[in-house]
Amino acid sequence: MMEELYTAYRDDVYRYLVSLTHDPARAEDLLSETFLQAIQSIDRFEARSGEKTWLFGIARHLWLQDLRRQRPTVCYDDLLGLYVEDTLPDTAVQRELLGRIRELLARKDERTRRVVALRVQGIPYDRIAAELGISPGSARVIDCRARHWLKEILRKEGLL
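Residues numbered from 1 in each chain as written. Predicted model: local features only at pLDDT ≥ 70, side-chain atom pairs only at ≥ 80, totals over all residues. Heavy atoms only, no water.

Student: What am I meant to see in the packing of aromatic side chains here?
Tutor: A ring pair, where both rings are aromatic, is described by two values, the distance of the centres and the angle of the planes. The full count for this structure, using the stated rule, is 2 aromatic pairs. Ring geometry for Tyr6 versus Phe35: centroids 4.9 Å apart, planes at 75 degrees, classification edge-to-face. Of this pair, Tyr6 sits in helix H1 (residues 2–21) while Phe35 sits in helix H2 (residues 24–41), placing them 29 residues apart in sequence. Note on Tyr6: relative accessible area 35%, which makes it partly exposed. Accessibility expressed as a relative area gives 5% for Phe35, which makes it buried. Note on Tyr16 and Phe56: the rings are 4.5 Å apart at their centroids and 15 degrees apart in plane angle, and the pair reads as stacked. With Tyr16 in helix H1 and Phe56 in helix H3 (residues 51–70), this pair connects stretches of sequence that are 40 residues apart. Stacked on the ring of Trp149, the Lys or Arg Lys108 has its end atom at 4.1 Å from the ring centre. (Phe/Tyr/Trp six-rings, centres within 6.5 Å; stacked < 30°, edge-to-face > 60°. Helix = DSSP H or I, 4+ residues; strand = E, 2+ residues; numbered from the N terminus. Buried < 20%, exposed > 50% of the residue type's maximum accessible area, 1.4 Å probe, protein only. Lys NZ or Arg CZ within 6 Å of the ring centre and 35° of its normal.)

Given below as structure tokens:
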């Protein structure tokens, strides 16, 4: 099964990683790590999402881990920007976007803000659920709705 997944999605995952890293060599390393981790966790794949989505999730998680290793002082604002758009903020427009994200999140209830804050830090849904006393599915839904809500407003305002 993994051979078929690799053949089907290798190029897509690689292009995704290049778009995140802007470094073809680093993307190649992360691609290998992605499929290695996929092999190790294939028995836990629940097919709630498609195989490609699952692989992209693994790739993104590994990229964030790599980013933290390379930049141990990654600030919360940088991670918050990644939460919404997968790029690190480095311009005045991006800083404006981060300020707006903070303003919008302040409108949300405490539980939603905590879920988002924990996801921004890369905490898995099961740990978020345990910390907040909710189910992992609820944590996932809260996160998905918050991210969708943020993106919708930011697009309407022309910030995305």
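So much for the structure itself; the text now carries on.
Student: Could you clarify how one ought to interpret the nonpolar core in this entry?
Tutor: Note that soluble globular proteins tend to have their nonpolar side chains buried in a common cluster. Counting residues in hydrophobic clusters, the biggest one holds 21 residues, and the most contacted among them are Val13, Leu17, Phe35, Ala38, Trp54, Leu55 and Trp63. Top element by residues in this core is H3. It accounts for 8 residues. Not counting residues within four places of it along the chain, the set of residues in contact with Val13 comprises Leu31, Thr34, Phe35, Leu55, Phe56 and Ala59. One finds Ile101, Leu104, Leu105 and Leu159 within the second-largest nonpolar core, a separate group that totals 12 residues. (Core = buried A, V, L, I, M, F, W, Y, C linked by side-chain atoms within 4.5 Å. Contact = heavy atoms within 4.5 Å.)

Student: How do you make sense of helix H7 (residues 125–132) when you look at a structure like this?
Tutor: Turning to H7, its buried residues number three or more, namely Tyr125, Ile128 and Ala129. Angular distribution of buried residues about the axis of H7 spans 100 degrees; they occupy a single face of the element. Opposite the buried face of H7, at more than 90 degrees from it, the exposed residues are Arg127 and Ala130. Summarising the contacts, the buried residues of H7 are in contact with helix H6 (110–120) and helix H8 (136–156). (Arc of directions from axis to C-beta.)

Student: Help me understand the packing of H7 against H8, please; the structure alone is not making it clear to me.
Tutor: At a minimum axis separation of 8 Å, H7 and H8 run at an interaxial angle of 105 degrees. With respect to each other, H7 and H8 are oriented roughly perpendicular. Between H7 and H8, the residues in contact are Tyr125, Asp126, Ile128 and Ala129 and Pro136, Ala139, Arg140 and Asp143, respectively. (Axes fitted to C-alpha atoms, helices over the stretch in contact; angles between N-to-C directions. Parallel < 35°, antiparallel > 145°, perpendicular 65-115°, else oblique.)

Student: Is there a simple way to explain H8 in this structure?
Tutor: What sets the pattern is the α-helix's 3.6 residues per turn: residues three or four places apart point alike. The first and last C-alpha atoms of H8 sit 30 Å apart over 21 residues, in line with the 30 Å expected at 1.5 Å per residue. Along H8, the residues classified as buried are Ala139, Ile142, Asp143, Ala146, Arg147, Leu150, Ile153 and Leu154. For H8, the angular spread of the buried residues around the axis is 135 degrees, confining them to a single face. Facing away from the buried side of H8 by over 90 degrees, the exposed positions are Cys144, Arg145, His148, Arg155 and Lys156. Of the residues trailing H8, Gly158 is marked for its positive phi of about 75 degrees. (Expected span 1.5 Å × (residues − 1).)

Student: How should I be thinking about the packing of H6 against H7 in this particular structure?
Tutor: The angle between the axes and the distance between the axes are what describe a pair of packed helices. Axis separation between H6 and H7 bottoms out at 10 Å; the angle between their running directions is 145 degrees. For the crossing formed where H6 meets H7, the hand is right-handed. Facing H6, whose interface residues are Arg111, Arg114, Val115, Leu118 and Arg119, H7 presents Tyr125, Ile128, Glu131 and Leu132. Looking at the contact of H6 with H7 residue by residue, the class counts come to 5 nonpolar, no polar and 4 charged. (Left-handed = near helix turned anticlockwise from the far one by under 90°. Nonpolar A, V, L, I, M, F, W, Y, C, P; charged D, E, K, R; others polar.)

By themselves these figures say nothing about function.
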